Amino acid sequence: MLEKAYAPDAVEKKWVDAWKEARLFDSAPATDGRRSYTVVIPPPNVTGALHIGHALNNTLQDALIRWHRLHGREACWVPGTDHGGIATQNVMEKQLKAEKLARHDLGREKFLERMQVWVRDCKKTILGQLVRLGCALDFSREAFTMDEVRARSVHHAFQRFYDEGLIYRGSRMVNWCVRCGTALSDIEVESEDRKAKLWRLRYPVKGKPGRYLVVATTRPETMLGDTAVAVHPEDERYKDLHGAEVELPLTGRTLKVVPDAMVDREFGTGAVKVTPAHDPNDYDIWTRHKGEMEGPRPVIGFDGKMLAEGVPAEFVGLPREKAREAVLAALASEAAPDGDPILAGEEDYKHAVSVCYRCQQAIEPLVSEQWFMKMEPVAAKALAAYDDGRFKIYPASWGKPYRNWLANIQDWCLSRQIWWGHRIPAWYCLSCNDLKDKPFMTVKGLKPTVSAEKPAKCAHCGKAGGDFLQDPDVLDTWFSSALWPLSVFGWPERTKDLAFYYPTEVLVTGYEILYLWVARMQMMGLWFEDKVPFPHALIHGIVRDKSGKKMSKSLGNVVDPLVMMDKHGTDAFRFAIVSQAHPGRDIPFAEESVTGPRNFVNKLWNSTRYVLDYALKNEPAPAGGYPLEKLDRAKLSLADRWILARFEAVTAEAEADVAEYNLAAAADTLYGFLWDDFCDWYVELSKPALADPARAEAAKTILVQVLSGTLKLLHPFMPYVTEELWQALKPYAGETAAFAFQAGAPRPTGWKDDEAVAQMRRLIAAVGSIRAIRSILEVPPALKLKAYFMGSNGSAPLLEKHADMVKYLARLESLELASARPPRAAVAVAGTTPIYLPLEGVVEFDKARARLEKAIEKLGKELVKADGMLGNKSFLERAPKEEVEKVKSRRDEAAAEQGFLKDTLAALAAG
């Protein structure tokens, strides 16, 4: 017997313990022919507790895993965490800063020891949260991107790529984060619009008194490193200056004027200062004009401060922001030969600034020695897999940007100048490499020996037992993450798990790491195994606050998923976020959005109590339960045939939605069926049926089978409450499985009945129309009305045949055929057939008219709003089809309802 009210805490703990004890989520390669259904978790960084985005991502994965377990697949969901590289090191460095320490105070070894302690505690927190969320993870397979098995995978991949000539060490311009002290790959750099100033500087043209080239810049401190001025080759203003020289203020140097088609003639004056050491576009200009201009002259160091070499003494050692102020002051005070200042003016300017994706500090482009990977050959395989359909993205709208990124891919900067991560497996023989007191990033022409362990001999000089120094850099964290679908199954070892579970089925992730991670996994899997690591990727949106802003601690709009689960129960929270996760759309989340799902949980609970307590009277279940197979279709009522047909249709609809990864639509379908069709209509209609000995057995059977079957379909979305309720119904449903998703998906075939569905739809609409009139006119619920309908066509025969049903549901004293419309009668409708409700002696007509006018006005506003939405091209293009159809449907309903209310108002006025 179920408790009177649902208690989430007790039920959740009960089933967490039961599932764990039964090792319900453990998986092993099947030997009975069952296919695998494998999902690898996007491993959360070990930077702290999980946020609401993790809750969404893992709820979607859990729903898929449970759904396919329910459908007989050997589902395996691999858990794990990511070491997180820069992100995690930043967390630890903040902790050290609070202790007035820096990582260099500890040294590398002690720092890494402290990191391991943090990781251990953080993993425990994260995995505990996943358990609380109800995740059906196989914890026997827990992996960490820096554990021993994953390290072997990383070393093997690095060695392979190096041996194949794809990984190399070279000097290139990189994205340098001064705050994090490391190079970043192009896709770890974000673009952020910022307000700034645009300054105009006058460079005197040598040999042409009174002639100046005016350049515009947002970074005047970098002018100390200028090596040329570029103009467009077809710009008539400067054609006579090609190859001329200009004087560089503050330095005493001269620069060449070079023509380059990359220059935008419309920006500023059309003349551009070229600083190849600190701007990637300028670096490209230099590569095209090496014979005409000086090469890169770095003036800002890796610490973000002005260098000593080639920089006037008054600026040396200044941070770049302070240097900007000092250079501007110097330029303002220095006069050109014509007596006017070199600094010609400034203006407000908003532009895109490249920032670190972790700390949001402005990137400093610097030329540096780093490890790189050639990506074109690897990307070609991923591009082919996308083009020929081996890999599909849901929703498809993300396919074009994915393809474009692969088609225009750049080499990947692999090395990071931090301590936390997979240390690059490269060693330098000190007999071959001069590294004494030199930063690795500045030394060119090094000769590495690639090896996971310290090599026995040098790969270059052949010297055995010599002194070796390991490269101090670590790999980009995304290198190990890219191997995740392979490494979790022991690759490169040819394990049984790899043979059975790889390729995995689907990757569920947010769009913000489509290039950082999804694309790179595709490339790695195809390169090493010639198979896509997953044929499908489900890309979901970001969870934002209710006004659409990104959640952040600084804005104070962060929603803690644990708080939501504590207050409303895990099932309600899960259902709230999944039901809003429409493909391709961000989720505006507010706590109020959990209210409906929480009420739905209570609805499930109370409807199951009704079946157990009222319909079955908690009597012992008969042997074999109440099987649908024993029902005699010829003896079923219209309501019985209708609910069985709807159950079959809804099951198929939910199956189709999940197959297309539209879990929000599947959740909405099941919600609507259970709440509306089953609870609001069939449960109510079952009461007189249960009182009739000739119909009671069929009613019990249908109540049990439809409810228990729908609970199984809902189980992937709301695992705790559905497990509890399904267990209570299990003996009556004739089920023998130990747990809900082991029982198999419902297969209600053979109950399709379009006629019953159409007839019930009209009867339900008629009852709804009568109820609406009663509500608007405030007719007391206990007062039964008389009702009349006319004619022999339309719904008249249906109303006559099922008059008892309509009377019961609409609380009518009678429902009879009439030859004329009664006076002063309200109008309801059944399809095209009007139903008249005489109001004489039932309502006060003055008050009734006022209520009708108010209701008509309200519906008019609703129609205006709906017409506005349906006339909005942006809404029609961007909103999910389901939402557009809902607006259209409700608009039609409102128009029809307004028409009948106007008819009623006219009838009252005429009387």
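Above this text you will find the structure in question.
Residues numbered from 1 in each chain as written. Predicted model: local features only at pLDDT ≥ 70, side-chain atom pairs only at ≥ 80, totals over all residues. Heavy atoms only, no water.

### Some thoughts on the nonpolar core
Link 1 in the chain: Ranked by size, the top nonpolar core spans 239 residues in total, and within it Phe161, Phe479, Met523, Phe589, Phe678, Phe717 and Leu777 carry the most contacts.
Link 2 in the chain: Take this core: its biggest share by element is 14 residues, from helix α19 (residues 663-690).
Link 3 in the chain: Residue contacts for Phe717: discarding those within four places in its chain leaves Ala63, Trp67, Arg574, Phe575, Val578, Leu663, Ala666, Ala667 and Leu670.
Link 4 in the chain: Ranked by size, the runner-up nonpolar core spans 32 residues in total, among them Ala244, Val246, Leu248 and Ala330. (Core = buried A, V, L, I, M, F, W, Y, C linked by side-chain atoms within 4.5 Å. Buried < 20%, exposed > 50% of the residue type's maximum accessible area, 1.4 Å probe, protein only. Helix = DSSP H or I, 4+ residues; strand = E, 2+ residues; numbered from the N terminus. Contact = heavy atoms within 4.5 Å.)

### Looking at helix α25 (residues 845-870)
Link 1 in the chain: Taking 1.5 Å of rise per residue, the 26 residues of α25 would be expected to cover 38 Å, and the 37 Å separating its terminal C-alpha atoms lies within 8% of that figure.
Link 2 in the chain: The complete set of buried residues in α25 reads Phe845, Ala848, Leu852, Ala855, Ile856, Leu859, Leu863 and Ala866. (Expected span 1.5 Å × (residues − 1).)

### Notes on the sheet that holds strand β11 (residues 253-259)
Link 1 in the chain: On the basis of which strands lie adjacent, the open sheet formed by 4 strands has the order β10-β11-β9-β12 and mixed pairing. Strands at the two margins of the open sheet, each flanked by one partner only, are β10 (245-248) and β12 (271-274). Neighbour to neighbour, the strand axes of the sheet diverge by 35 degrees on average, direction disregarded.
Link 2 in the chain: Across 4 bridges, the pairing between strand β9 (residues 228-231) and β11 is parallel. From the neighbouring strand, Val231 faces β11, where its bridge partner is Pro259. (Pairing = 2+ DSSP bridges. Axes fitted to C-alpha atoms, helices over the stretch in contact; angles between N-to-C directions.)

### Quick look at the side chain of Asp82
Link 1 in the chain: Mapped onto the elements of the fold, Asp82 is located in the loop between β3 (80-81) and α3 (85-98).
Link 2 in the chain: Overall, Asp82 belongs to the buried group, its relative accessible area being 4%.
Link 3 in the chain: Among the polar contacts listed, one links the side chain of Asp82 to the backbone nitrogen of Gly84, at a separation of 2.8 Å.
Link 4 in the chain: Non-local contacts of Asp82, meaning those with residues more than four positions away in its chain, are made with Pro43, Pro44, Asn45, Val46, Phe144, Thr145, Thr477 and Ser481. (Polar contact = N/O pair within 3.5 Å; in protein donor to acceptor, adjacent residues only side chain to side chain.)

### What to know about the sheet that holds strand β18 (residues 426-429)
Link 1 in the chain: Judged by pairing direction, the sheet is antiparallel, and its 3 strands sit side by side in the order β19-β18-β20 without closing on themselves. At either margin of the open sheet sits one strand with a lone partner, and together these are β19 (448-450) and β20 (468-470). Ignoring which end each strand starts from, the neighbouring axes of this sheet average 35 degrees apart.
Link 2 in the chain: As paired elements, β18 and β20 share 3 bridges and run antiparallel to each other. Residue pairing for β20: Cys429 is matched across the bridge by Phe468.

### Structural notes on unusual backbone geometry
Link 1 in the chain: A cis amide bond links Tyr394 with the next residue in sequence, Pro395, at an omega value of -5 degrees.
Link 2 in the chain: If you trace the backbone, Pro395 turns up in the loop between β15 (392-394) and α10 (399-407).
Link 3 in the chain: In this chain, Trp491 is followed by Pro492 through a cis amide linkage whose omega measures 15 degrees.
Link 4 in the chain: Structurally, Pro492 is set in the loop between α12 (484-487) and α13 (496-501).
Link 5 in the chain: Its identity is not glycine, yet Lys100 carries a phi of approximately 60 degrees, on the positive side.
Link 6 in the chain: Topologically, Lys100 is positioned in the loop between α3 and α4 (103-106).
Link 7 in the chain: Even without glycine at this site, Asn618 takes up a positive phi of about 55 degrees.
Link 8 in the chain: With respect to the element layout, Asn618 can be found in the loop between α17 (595-615) and α18 (638-659).

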